[in-house]
Amino acid sequence: MQEPMGLPADPPAARGVERLLLTGAKGCALVGGGLFIGLIAMSLVSIIGRKLANAPITGDVELMQVGTAVAAAAFLPLCTTLGEHLRVDFFTEFAPAPVRRFLDAASDLLLGLVALLLTWRAGLQTLDIREAAEVTPLLGIPIWLAMAGMLPSLALVALCALARGWRDLAVRDRAVVSPCATEARS
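Residues numbered from 1 in each chain as written. Predicted model: local features only at pLDDT ≥ 70, side-chain atom pairs only at ≥ 80, totals over all residues. Heavy atoms only, no water.

(A) Geometry of the overall build of the protein. Within the protein one finds 4 helices and 0 strands. Overall, the protein shows an N-to-C arrangement of helices and strands of α-α-α-α. Here the protein holds 186 residues, and the buried ones make up 32% of them. Long-range contacts, defined here as pairs at least 24 residues apart, represent 77% of the contacts in the protein between residues at least 6 apart. Surface exposure of the protein reaches about 12100 Å², of which carbon and sulfur atoms provide 70%. (Helix = DSSP H or I, 4+ residues; strand = E, 2+ residues; numbered from the N terminus. Buried < 20%, exposed > 50% of the residue type's maximum accessible area, 1.4 Å probe, protein only. Contact = heavy atoms within 4.5 Å. Areas by Shrake-Rupley, 256 points an atom, 1.4 Å probe, with all protein chains shown as cover.)

Structure (structure tokens):
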């Protein structure tokens, strides 16, 4: 039976490393959510200040750009852990379950490898930007700080995807990976 569209799947029963990754992913998403709420509040204060008192927050656009990059990256690990990335399964919809499970595992492992590559390259870019001392035009915020803020999220995406792919390859019967009954959704 297929899950209804738009509803996230229950997280799988997490043990050991998977539980640690799920907890880290949830924490990362909470940090990203808090950052987004802070950015929204800052934007509202700036807009109201601009319209009512002709006194916007200086550099609000810069802060929004830097903060949004870090906050958006913070949601990726949880999305990866829950398997909620967008997928096009038009061609595999009627394939046997073992074939779909193998393809899902392969795509998760590939995502993990790409995320490792992105983490590595973003880390090198962070070092280059730091050496070049690039800053934002108005506030002079070092750009490397935003890049460094995304690195933990990218590394966690890689770990979550690799763990998910490995689990799907190792599990023969999908019924063994049952939804976690103790995890209540808020």
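There is more to say, and it comes next.
(B) Local environment of the environment of alanine 133. Note on placement: alanine 133 falls in the loop between α3 (97-132) and α4 (143-170). Spatially, the C-alpha atoms of alanine 133 and tryptophan 144 are 8.2 Å apart, while their sequence positions differ by 11 residues.

(C) Examining the packing of helix α2 (residues 60-82) against α4 more closely. The geometry of α2 relative to α4 is characterised by a closest axis approach of 8 Å and an angle of 10° between their N-to-C directions. As judged from the angle between their axes, α2 and α4 are roughly parallel. Residue-level inspection shows Val66, Ala69, Val70, Ala73, Ala74, Leu76, Pro77, Thr80, Thr81 and Leu82 of α2 in contact with α4, the latter providing Ala146, Gly149, Met150, Ser153, Leu156, Val157, Cys160, Ala161 and Arg164. In terms of residue class, the contact of α2 with α4 is made up of 14 nonpolar, 4 polar and 1 charged. (Axes fitted to C-alpha atoms, helices over the stretch in contact; angles between N-to-C directions. Parallel < 35°, antiparallel > 145°, perpendicular 65-115°, else oblique. Nonpolar A, V, L, I, M, F, W, Y, C, P; charged D, E, K, R; others polar.)

Nothing here speaks to function; it is geometry throughout.
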